[in-house]
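What the coordinates show
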Amino acid sequence: MVMRLVLAGVTLIFSTVVNAGVIVGGSSLLSTAEISQLETWLGQGDLTLTNIFAKSQGVPTSSRFHNAVDGKGPTFVVFRAFEYPNGSSHLLGGYNPNSWHSRNLYNMTEKFDAFIFDLTDREKWDQIGSAQTYNFNGTGPLFGHHDLAVDHNLAWGGARLSQYAGGKQRNSILGGGDGISSFQVGELEVFTLEVRGGTKIPEPQSLLLMLAGLLGLTLFYRKKRI
């Protein structure tokens, strides 16, 4: 009987660890519940997140942000925002399905697969416009047309929805009512992600290239058989 109870306890603990969110490199922002919410929104299964940038390590600048995150594939950006002037705190961020870069241009796409979010209020805004992100070494993470933006010192940000929509809008720091929400940026972290078990989530462009390659191989073998 005692042995059964011990085994049951071990099984329960093991199950909790396996089902809990996994972060490589740690996080001062995300709890297990918040990781679970990100997994639900993304819909790719259980995730392992790897912390590749934290504002607290070194001088907070957009150049350091881009040096750490450019070319790393899909990422979650998460940061603590303090609404100006009332100081209410929200955990904001966004999912970028493509790599960040510093080429001073928008990532324009008709695959509306990015989203921004407020983890505090559990609200999500899906991409509805073609301007997914703006990529420039002189600014921090920027989604849409300043739908969610952080400045070059990673100290201040703003939100004004145009390329992203959804959520309660007027009741959240991200909604902005009829104008711009301004906020001070506290801790900021960036995570790459892979499906639990070690499978990287590919960028949409990489996936298209892979599918094109498979189609080419299929046609080649069909011709050979003929």
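Scroll up for the structure.
Let me sum up the structure you'll find in this document. Just so it is clear, the model here is predicted, and its values are computed rather than measured.

1. Side note on the nonpolar core
The nonpolar side chains of a soluble globular protein tend to be buried with one another. Core analysis: the biggest nonpolar cluster contains 25 residues, and Phe53, Phe79, Leu92, Ile116, Leu148 and Phe183 have the highest contact counts within it. Going through the elements one at a time, helix 3 (62-69), strand 3 (75-83), strand 10 (148-150) and strand 13 (181-195) are the ones with two or more residues in this core. Counting residues per element, this core draws most heavily on strand 13, which supplies 4 residues. Discounting residues that sit within four places of it in the chain, leucine 148 has contacts with Phe79, Leu92, Gly93, Ile116, Pro141, Leu142, Phe143, Gly158, Leu174 and Phe183. Counting residues in each nonpolar core, the second largest holds 18 residues, with Leu91, Phe115, Phe191 and Ile201 among its members.

2. Considering the side chain of asparagine 98
With respect to the secondary-structure elements, asparagine 98 resides in the loop between strand 4 (89-96) and strand 5 (103-108). At a separation of 2.8 Å, a polar atom in the side chain of asparagine 98 contacts the side chain of glutamine 132.

3. Description of the pattern of salt bridges
In the structure shown here, the tally under the stated rule is 2 salt bridges. With its nearest N and O atoms 3.4 Å apart, the salt bridge here joins arginine 196 to glutamate 39. One end of the pair, arginine 196, is in the loop between strand 13 and strand 14 (199-200); the other, glutamate 39, is in helix 2 (residues 32-42), and 157 residues separate them in sequence. The exposure class of arginine 196 is partly exposed, given its relative accessible area of 25%. Aspartate 126 is the partner of lysine 124 in a salt bridge, and the nearest nitrogen-oxygen pair spans 2.4 Å.

4. Remarks on unusual backbone geometry
You will see that asparagine 104, though not glycine, has its phi angle at about 60°, which is positive. For asparagine 104, the position within the fold is in strand 5. Not every positive phi belongs to a glycine, and arginine 122 is a case in point at roughly 55°. By the element assignment, arginine 122 lies in the loop between strand 6 (115-118) and strand 7 (123-127).

5. Re the environment of serine 181
Summarising the element assignment, serine 181 is placed in strand 13. Put simply, serine 181 and aspartate 147 are 34 residues apart on the chain and 9.8 Å apart in space, counted from C-alpha to C-alpha.

6. Some points on the packing of aromatic side chains
What the rule picks out here adds up to 14 aromatic pairs. Seen in terms of ring centroids, phenylalanine 65 and tryptophan 100 are 5.9 Å apart; in terms of plane orientation they differ by 70°. Their pairing is edge-to-face. Taken together, the residues span a long stretch of sequence, with phenylalanine 65 in helix 3 and tryptophan 100 in the loop between strand 4 and strand 5 at a distance of 35 residues. Exposure class is identical for phenylalanine 65 and tryptophan 100. Each is buried. For the ring pair phenylalanine 76 and tyrosine 95, a centre distance of 5.4 Å and an interplane angle of 50° mean the geometry is tilted. With a gap of 19 residues between them, phenylalanine 76 in strand 3 and tyrosine 95 in strand 4 connect regions that are remote in the sequence. We classify phenylalanine 76 as buried; its relative accessible area is 0%. Ring-pair connections join several aromatic residues into one group, and the members of that group are Trp41, Phe76, Tyr95, Phe115 and Phe117. In this structure, lysine 124 is placed above the aromatic ring of phenylalanine 115, and the distance from its NZ or CZ to the ring centre is 5.0 Å.

7. With respect to the side chain of threonine 192
Within the secondary structure, threonine 192 is located in strand 13. A relative accessible area of 6% means that threonine 192 is categorised as buried. What threonine 192 contacts, discounting residues up to four positions off in sequence, is Thr48, Leu49, Thr50, Ile52, Lys72, Pro74, Thr75 and Lys200.

8. Concerning the environment of leucine 105
Here leucine 105 is to be found in strand 5. C-alpha separation for the pair leucine 105 and alanine 131, spaced 26 residues apart in sequence, amounts to 9.9 Å. Look past the residues within four positions of leucine 105 in its chain and what remains in contact with it is Thr133, Tyr134 and Asn135.

9. Digging into helix 2
All of the buried residues along helix 2 are Glu34, Ile35, Gln37, Leu38, Glu39, Trp41 and Leu42. After helix 2 finishes, the residue glycine 43 shows a positive phi value of roughly 70°.

Calculation notes
Throughout, residues of each chain are indexed from 1 in the direction in which the sequence is written. Residue-level local features of this predicted model are given only where pLDDT is at least 70; pairs of side-chain atoms are given and counted only at 80 or more, and the full residue set underlies all totals for whole chains, interfaces and linings. Based on all heavy atoms of the structure, the side-chain values leave hydrogens and waters out of the count. Throughout this description, the term nonpolar core refers to a set of buried Ala, Val, Leu, Ile, Met, Phe, Trp, Tyr and Cys residues connected via side-chain atoms within 4.5 Å. The classification of residues rests on relative accessible area computed with a 1.4 Å probe and restricted to protein chains. Under 20% of the type maximum is buried, over 50% is exposed, and intermediate values are partly exposed. Secondary structure counts use DSSP, requiring at least four H or I residues in a row for a helix and at least two E residues in a row for a strand, with both numbered from the N terminus. Pairs of residues are marked as contacts when any of their non-hydrogen atoms sit within 4.5 Å. Nitrogen and oxygen atoms within 3.5 Å of one another constitute a polar contact, given that in protein one can donate a hydrogen and the other can accept it, and given that sequence-neighbouring residues count only through two side-chain atoms. For this document, the term salt bridge refers to a Lys or Arg side-chain nitrogen within 4 Å of an Asp or Glu carboxyl oxygen. In this analysis, rings of Phe, Tyr and Trp, with Trp reduced to its six-membered ring, are considered paired at centre separations within 6.5 Å, and the interplanar angle assigns stacked below 30 degrees, edge-to-face beyond 60, and tilted for intermediate values. When the NZ atom of lysine or the CZ atom of arginine is within 6 Å of a ring's centre and also within 35 degrees of its normal, the charge is said to sit over that ring.

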